[in-house]
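Now for the letters of each chain:
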Amino acid sequence: MAPQGLNYRVDITLTFGPDGPAFVPHPAPQTAPARERGRAWYRGDSHLHTVHSDGRRTPEQLVADARAAGLDFIVSTDHNTSSSQLIWGDHAVDDLLILNGEEVTTRSGHWPAIGLPAGTWIDWRYRAADPRDFRRFTDQVHRAGGLVTAAHPFANCFGCTYEFAYELADLVEVWNGPWTQDDEASVIHWDGLLRGGRFIPAIGDSDAHNPDQRVALPHTVVLADRLRRQELLAGLKAGRSWLAESASVQLDFTASGGGASAGIGERLAAGTGTPVTVKAVVAGVPGTTVTFLDQLGPEHTEPIGDSGAATVTWTTYPRYSRWVRVEVRRPSGGPNTTVPNAMVAMSNPIFLGAGD
């Protein structure tokens, strides 16, 4: 901001449009019955754009590409506008749930508000130096039943780097679009928060704007009681989720010991001396490596052959590992990226021990 200020003038002219019926809002339906499977893992991309902001896809094109990518749900997150939230019913289908959102786009970073009631607008006119305003609007999102995402924390576009308080966010978008070095930085930072005792679940989204940007690269697979807004958001907020490069990638990740077992985002309350077997069952990931990590870093790595399918196990104890998570990486890189050791899938942690 220039300290001397700026003299300016704004002229606004409003004119009536053509005669015709008044606009009637038509939000998306709250169900997608052809994809409803009860308690199951659902694939969704929660950061997407259309022509209602700076995207090049029409809503109809976005729906078509999401269906082709094998998604169960999407969240529309146009920049600083709620206009598309009122027309998704015109493009809805019974095999894709469409949720509302807004990518709140400030000069101190972007934070998608996802799972909003149709017609909800969140203000963007503040910066990280105004923490009370940020809390005011994150509180608005939470009152509306939505979640706050810290988007692409280390993106190198102007104003994109997330500078706000992480403790007010419900999710951290650690993987945004094709794998790049800023995604690597995001995972390292998120892992540091986790190692320091602050668990904010990871999420991955394509942030697709244009037809040449692939919807669902990546996306998040969430365990929910059913394919509805409230249940999907509950699964995401609890960290019952993992991130995938495409719908062909499969991952089942569990920990068992002392006669009990736990899945992603859950706690295995085993005693400190109880052996715990960590198991990852993967498919659709040829030419990759599977790595188990805990708060001490990478603990066990195995290569996956040309079949792309394997079961990988490792044994630890709660006295050594407070939590475990899994990464699947491709040393040769990934789609639309030249960065080696690209992420193919990663999980949120499974926690071990009695806890605090």
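What counts as what
- All residue numbers refer to positions counted from 1 along the written sequence of the respective chain.
- Totals for whole chains, interfaces and linings use all residues, but because this is a predicted model, local features are given only for residues with pLDDT of at least 70 and pairs of side-chain atoms are given and counted only at 80 or more.
- Working from all heavy atoms in the structure, the side-chain values ignore hydrogens and water.
- A pair is scored as a salt bridge if a Lys or Arg side-chain nitrogen falls within 4 Å of a carboxyl oxygen belonging to Asp or Glu.
- Helix numbers and strand numbers start at the N terminus; a helix is a DSSP run of H or I with at least 4 residues, a strand a run of E with at least 2.
- Strand pairing requires that DSSP identify at least two bridges connecting the strands.
- Axis lines are fitted through C-alpha atoms, for helices just across the contact stretch, and the angle between N-to-C directions can take any value from 0 to 180 degrees.
- By nonpolar core is meant a set of buried Ala, Val, Leu, Ile, Met, Phe, Trp, Tyr and Cys residues that side-chain atoms within 4.5 Å join together.
- Buried, partly exposed and exposed residues are distinguished by accessible area as a fraction of the type maximum, computed with a 1.4 Å probe on protein chains only: under 20%, between the cut-offs, and over 50%, respectively.
- Contacts between residues were defined by any pair of non-hydrogen atoms, one from each residue, lying within 4.5 Å.
- Aromatic rings from Phe, Tyr and Trp, with only the six-membered ring used for Trp, were paired whenever their centres fell within 6.5 Å, and each pair was classed as stacked if the ring planes differed by under 30 degrees, edge-to-face if by over 60, and tilted otherwise.

K.L.:
Would you take a moment to explain the pattern of salt bridges for this structure?
P.N.:
Considering all chains together, one arrives at 15 salt bridges under this definition. A salt bridge links Arg 37 to Asp 72, with the shortest nitrogen-to-oxygen separation between them at 3.2 Å. Of the two residues, Arg 37 is situated in the segment before β1 (40-48) and Asp 72 in the loop between α1 (59-68) and β2 (73-76); the sequence distance between them amounts to 35 residues. Measuring nitrogen to oxygen at the nearest pair gives 2.9 Å for the salt bridge that ties Glu 245 to Arg 330.

K.L.:
Sorry, what's going on with the sheet that holds strand β13 (residues 276-283) here?
P.N.:
Two orientations exist for strands paired in a sheet by backbone hydrogen bonds: parallel and antiparallel. Spatial strand order, β11-β10-β13-β16: 4 strands in an open sheet with antiparallel pairing. Only two strands of the sheet have a single partner each, and these edge strands are β11 (260-263) and β16 (310-316). The mean inter-strand angle of the sheet, taken between neighbouring strand axes irrespective of direction, is 20°. Bridge analysis of strand β10 (residues 250-257) against β13 gives 7 bridges, and the strand direction is antiparallel.

K.L.:
What am I meant to see in the nonpolar core here?
P.N.:
Grouped burial of nonpolar side chains is what soluble globular proteins tend to show. With 33 residues, the main nonpolar core has Trp 111, Ile 122, Tyr 162, Val 174 and Met 346 as its most contacted residues. Listing elements by their share of this core, those giving two or more residues are β4 (109-116), α2 (131-143), β5 (147-150), β6 (171-176), α3 (181-195) and β18 (342-347). Examining the composition of this core, we find that 4 residues originate from one element, α3, more than from any other. Residues contacting Ile 122, with those up to four places away along its chain left out, are Glu 102, Val 104, Trp 111, Ala 113, Leu 116, Phe 137, Gln 140 and Val 141. Ala 244, Ala 262, Val 290 and Ile 350 belong to the second-largest nonpolar core, a separate cluster that totals 28 residues.

K.L.:
What is the right way to look at the pairing of β11 in this model?
P.N.:
One face of the sheet, then the other: side chains in a regular strand alternate in exactly this way. Two strands pair when backbone bridges link them, and β10 and β11 are joined in this way by 4 bridges, in the antiparallel orientation. What sits directly across from Thr 254, in β11, is Gly 263. Count of turn residues in the β10/β11 antiparallel hairpin: 2 residues, of which Gly 258 carries a positive phi of about 60°.

K.L.:
Honestly, the packing of aromatic side chains in this entry has me stumped. Any pointers?
P.N.:
Aromatic ring pairs: the centre-centre distance and the angle between the two ring planes describe each pair. Considering all chains together, one arrives at 11 aromatic pairs under this definition. Both rings, one in Phe 134 and one in Phe 164, keep their centres 4.3 Å apart while their planes meet at 20°; by these two values the pair is stacked. Linking Phe 134 in helix α2 with Phe 164 in the loop between β5 and β6, this pair joins segments that are 30 residues apart in sequence. Given a relative accessible area of 5%, Phe 164 falls into the buried group. On the basis of an interplanar angle of 85° and a centroid distance of 5.7 Å, the ring pair of Trp 175 and Trp 179 is categorised as edge-to-face. Put simply, the rings of Trp 111, Tyr 126, Phe 134, Phe 137, Tyr 162, Phe 164 and Tyr 166 pair up and form one aromatic cluster.

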